[in-house]
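# Observations on the model geometry
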Amino acid sequence: MNKRIDETFYEYADKEFDKYIADILYTLNTTSEEYKKIKEEQMKITRENPKISKVLYDKDIEVLTEDELYLLLNVLDYEENMRMLEEKELFYRGGKEAFLFFIKLGIINK
């Protein structure tokens, strides 16, 4: 792969960058008890309520009861909570990368 002078790192290493991000999220999924608990609750609801699963994952149109709507909202809340944990992890990893980069540049001394 030839690198152009005007090409950014992201453009140059797009596939590797996506793998790097996926690895971070996988690590979060295996090491964070909070993340695992939220994901388990979300999966339990969708496993026990096939209509909710169809609405979310198959994009089917289903008539839901009030209880099912409440559970659907819970699943969406869990999804949002997981996204926030993922974004925090990515933010901190980005900070770590910047810190190490600044050390390499000599901006920060060890």
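Residues numbered from 1 in each chain as written. Predicted model: local features only at pLDDT ≥ 70, side-chain atom pairs only at ≥ 80, totals over all residues. Heavy atoms only, no water.

## A word on the packing of helix α3 (residues 33–48) against helix α5 (residues 66–105)
Orientation of α3 relative to α5, taken along the N-to-C sense of each, is 155°, at an axis distance of 9 Å. By the angle between their axes, α3 is roughly antiparallel relative to α5. Remark: the crossing between α3 and α5 carries left-handed chirality. Listed contacts from α5 to Glu-34, Tyr-35, Ile-38, Lys-39, Glu-41, Gln-42, Ile-45 and Thr-46 of α3 are Leu-71, Asn-74, Val-75, Tyr-78, Glu-79, Asn-81, Met-82, Leu-85 and Glu-86. Partitioned by chemical class, the residues of the contact of α3 with α5 number eight nonpolar, four polar and five charged. (Axes fitted to C-alpha atoms, helices over the stretch in contact; angles between N-to-C directions. Helix = DSSP H or I, 4+ residues; strand = E, 2+ residues; numbered from the N terminus. Parallel < 35°, antiparallel > 145°, perpendicular 65-115°, else oblique. Left-handed = near helix turned anticlockwise from the far one by under 90°. Contact = heavy atoms within 4.5 Å. Nonpolar A, V, L, I, M, F, W, Y, C, P; charged D, E, K, R; others polar.)

## A closer look at unusual backbone geometry
Phi at Lys-59 takes a positive value of approximately 55°, unusual for a residue other than glycine. For Lys-59, the position within the fold is in the loop between α4 (50–58) and α5. Of the residues examined, Lys-59 reaches a relative accessible area of 71% and is grouped as exposed. (Buried < 20%, exposed > 50% of the residue type's maximum accessible area, 1.4 Å probe, protein only.)

## Digging into the pattern of salt bridges
In total, this model carries six salt bridges according to the counting rule given. Where Asp-23 meets Lys-19, a salt bridge forms, and the shortest distance between an N and an O atom there is 3.0 Å. You can see Asp-23 and its partner Lys-19 sitting in helix α2 (residues 14–31), four residues apart, about one turn around the helix. Relative accessible area serves as the criterion here: at 37%, Asp-23 is assigned to the partly exposed category. Across the salt bridge formed by Glu-79 and Arg-83, the nearest N and O atoms sit 2.2 Å from each other. Note that Glu-79 and Arg-83 are positioned in helix α5 at a spacing of four residues, about one turn of the helix. If you follow the salt bridges from partner to partner, you end up with Glu-79, Arg-83 and Glu-86 in one network. (Salt bridge = Lys/Arg side-chain N within 4 Å of Asp/Glu carboxyl O.)

## Brief notes about the packing of aromatic side chains
The full count for this structure, using the stated rule, is one aromatic pair. Ring plane angle 70° and centroid distance 5.6 Å describe the contact between Phe-91 and Tyr-92, whose orientation is recorded as edge-to-face. Each member of the pair, Phe-91 as well as Tyr-92, is classed as exposed. (Phe/Tyr/Trp six-rings, centres within 6.5 Å; stacked < 30°, edge-to-face > 60°.)

## Brief notes about the confidence of the model for the protein chain
Looking at the protein chain as a whole, the pLDDT averages 89, with 90% of positions reaching at least 70. Element-level mean pLDDT values for the protein chain span from 67 in helix α1 (residues 9–12) up to 97 in α3. (pLDDT = per-residue confidence, 0-100.)

## Describing α3
Three or four residues apart is the spacing at which side chains of an α-helix point the same way, because the helix has 3.6 residues per turn. Taking 1.5 Å per residue, 16 residues should reach 22 Å; α3 reaches 22 Å between its end C-alpha atoms and fits that length. Residues of α3 that are buried include every one of Tyr-35, Ile-38, Gln-42, Ile-45 and Thr-46, and no others. Projected down its long axis, α3 carries its buried residues within an arc of 100°, all on one side. Structural note: α3 exposes Glu-33, Lys-37, Glu-40, Arg-47 and Glu-48 on the side pointing more than 90 degrees away from its buried face. Looking at the buried side of α3, the elements it contacts are α2, α4 and α5. (Expected span 1.5 Å × (residues − 1). Arc of directions from axis to C-beta.)

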